[in-house]
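Survey of secondary and tertiary structure
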Amino acid sequence: MNAIDIIAKKRDGLKLNKDEIDFMINSYTNGDIPDYQMSAFLMAIYLNGMDDYESFLLTDSMLKSGDVLDLSMIDGIKVDKHSTGGVGDKTTLVVGPIVASLGIKVAKMSGRGLGHTGGTIDKLESIPGYNVNLSEDEFIKQIEKIGIAIIGPTKSLAPADKKLYALRDVTATVSSIPLIASSIMSKKLAAGTDVIVLDVKVGSGAFMKTIDDAKKLAELMVSIGKSFNKKVIAMLTDMNDPLGLAIGNNLEVIEAINTLNGKGPKDFTDLCLLASAELIVAAGYAKTVEDATKLAKKQIDNKKALDKFAELVKYQYGDPSYVYEPKKFASAPFIIPIKASKSGYIHKIDALTIGNASMRLGAGRLKLDDKINHRVGILLNKKSGDYVKEGDILAYIHSVKEDNLEIEEMIKKAYLIDESKYSPRLILDVIK
Ligand code: URA
């Protein structure tokens, strides 16, 4: 078997078998296939696709490239939640504590932000002391003890994905349905939970720009999960607009804490309640999503979810006083209002533009080893569907610089204002 024949087979639109896929993944992970051949292989998959069975084989091969966590020593159902990536998405910080406060075990490995999208690990590192680098052993022990751990990816889990994702990032092969599905599902399956709720983002700020593509990705991931005997639920949610009001690390953690105090923005709260409810039902703690939503709301009202978040922070060496006094988070030295240049209803706040503007302020990174600034970002003051008058404040820039003219222009242009009324839709579908 050799790489050239396998690349040529996929280039010509033929189906690959298990041995061929295993050969490519194992040889690339071991360093026996160079980046230029793997780049050609990835582009052939990008252009010609893979059927469901090939996607399953690719996932299986990537999953087996490293450790598969055995969580069987932890009692009860273990759950995980994953978003395909977006702008202002701090959902894990709320959903994890809600679900764990009910006694459901949450085992979550998250990523860092790249490009216009944010990452949960960067957000958690806004809390002084929070350690995202637990060993696999410490991860398991913490879940046994307090029911939740949120850490960064360990080196030994799905190493094939780490190498492949870095290569896809620089070869324009990220937004391929089989490549995204196998990348996400290999990591989720390696983390060893019984239930996985996926939040598949759709829109300008997401990898999937259309509902049809997002549905295909969601259905593929649910079907891969089922082939491994896991319960997988995929929500399809809007990412034309940023989620919630806050974009940027400290700002997003503060918004998550406000939400755990029952004072979050409506769209973000609704999404957190739905994701929590799906996990609660799948874990067998409620029969219907309606009952589960009531349970999730109760954990916010009685502050048990907030206390669980503080406990998580404490166990991962962070300072839990920030959870109870979010005013302690350092703010940026310059807070600059952006005003509406005309009156009307907001139809869109382009998530891609807002994500890029936030990255340029320093909240995100272009390359994975870039340093980020936790204090900067954008706080929206008006959301899609709102009516604004000319001169009303649309958003605030939180910056370390006084002069942000280009970024101010970007944010103004991201707001699409029109005379007609508009009602945005956040939850587009749920696939089980
Ligand atoms: N998130 C991942 O983990 N992998 C992808 O390919 C895309 C989003």
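In what follows, the accompanying structure is described. Small disclaimer: the values here were computed from a predicted structure and weren't measured.

To continue, consider the overall build of the chain. Each helix and strand in the chain was counted, giving 17 helices and 13 strands. For 432 residues, the compact-globule estimate of 2.2 N^0.38 gives 22 Å, and the chain sits close to it at 21 Å. Along the three orthogonal principal directions, the C-alpha set of the chain runs to about 65 × 45 × 40 Å. Taken across its 432 residues, the chain has 58% of its residues classed as buried. A separation of at least 24 residues holds for 78% of the contacts in the chain among residues at least 6 apart in sequence. Accessible surface computed for the chain: about 17900 Å², of which carbon and sulfur atoms make up 52%. Mean positive and mean negative side-chain charge positions of the chain (57 and 57 charges, respectively) differ by 4 Å.

Read across the sheet, six strands follow the order S3-S2-S1-S4-S5-S13 without closing on themselves; strand pairing throughout is mixed. Each edge of the sheet is formed by a strand with only one pairing partner; in this case those strands are strand S3 (148-151) and strand S13 (427-431). Geometrically, the sheet is characterised by an average inter-axis angle of 20° between neighbouring strands, direction not taken into account. With four bridges connecting them, strand S2 (residues 105-109) and S3 associate as parallel partners.

The next subject is the packing of helix H7 (residues 136-146) against helix H14 (residues 304-315). It is the contact of H7 with H14, at a shortest axis distance of 12 Å, that shows an interaxial angle of 145°. Here H7 and H14 pass one another in a crossing that is right-handed. For the pair H7 and H14, contact is made by Gln 142, Lys 145 and Ile 146 and by Lys 308, Glu 311, Leu 312 and Tyr 315, respectively. Considered class by class, the residues forming the contact of H7 with H14 number three nonpolar, one polar and three charged.

Now for the packing of helix H12 (residues 266-282) against helix H13 (residues 289-301). At a minimum axis distance of 8 Å, the contact between H12 and H13 shows a crossing angle of 115°. Relative to H13, H12 is oriented so that their crossing is right-handed. Where H12 approaches H13, its residues Leu 273, Leu 274, Ser 276, Ala 277, Glu 278, Ile 280 and Val 281 are matched on the opposing element by Val 289, Ala 292, Thr 293, Leu 295, Ala 296, Lys 297 and Ile 300. Residue composition of the contact of H12 with H13, grouped by class: 10 nonpolar, two polar and two charged.

Our next topic: helix H4 (residues 52-63). Within an α-helix, residues lying three or four positions from one another point in the same direction, as the helix has 3.6 residues per turn. Given a rise of 1.5 Å per residue, 12 residues ought to cover 16 Å, and the 16 Å separating the end C-alpha atoms of H4 matches this to within 8%. Counted residue by residue, H4 has 10 buried out of 12 residues, so it is predominantly covered. The inward-facing, buried residues of H4 abut helix H1 (3-11), helix H2 (18-30), helix H8 (159-169), helix H9 (177-190) and helix H10 (211-227). The backbone nitrogen of Tyr 53 has a side-chain oxygen 3.1 Å away, supplied by the residue at the start of H4, namely Asp 51.

This brings us to the pairing of S2. Within S2, five of the five residues are buried, which leaves the element mostly enclosed by the surrounding structure. Of the two faces of S2, the one carrying Lys 105, Ala 107 and Met 109 and the one carrying Val 106 and Lys 108 are both buried. Note that strand S1 (residues 78-83) and S2 share two bridges and pair parallel. Within S2, the position partnered with Val 79 by the bridge is Val 106.

In this section: helix H16 (residues 351-361). Among the residues making up H16, those that are buried are Ala 351, Ile 354, Gly 355, Ala 357, Ser 358, Met 359 and Leu 361. Buried positions along H16 lie against strand S6 (246-247), strand S8 (344-349), strand S9 (377-380), strand S11 (393-399) and helix H17 (405-414). Gly 362 sits one or two residues past H16 and shows a positive phi near 115°.

Conventions we followed
Residues numbered from 1 in each chain as written. Predicted model: local features only at pLDDT ≥ 70, side-chain atom pairs only at ≥ 80, totals over all residues. Heavy atoms only, no water. Helix = DSSP H or I, 4+ residues; strand = E, 2+ residues; numbered from the N terminus. Rg over C-alpha atoms; globule rule 2.2 N^0.38 Å. Buried < 20%, exposed > 50% of the residue type's maximum accessible area, 1.4 Å probe, protein only. Contact = heavy atoms within 4.5 Å. Areas by Shrake-Rupley, 256 points an atom, 1.4 Å probe, with all protein chains shown as cover. Lys, Arg positive; Asp, Glu negative; His and termini not counted. Charge placed at Lys NZ, Arg CZ, Asp CG, Glu CD. Pairing = 2+ DSSP bridges. Axes fitted to C-alpha atoms, helices over the stretch in contact; angles between N-to-C directions. Left-handed = near helix turned anticlockwise from the far one by under 90°. Nonpolar A, V, L, I, M, F, W, Y, C, P; charged D, E, K, R; others polar. Expected span 1.5 Å × (residues − 1). Polar contact = N/O pair within 3.5 Å; in protein donor to acceptor, adjacent residues only side chain to side chain.

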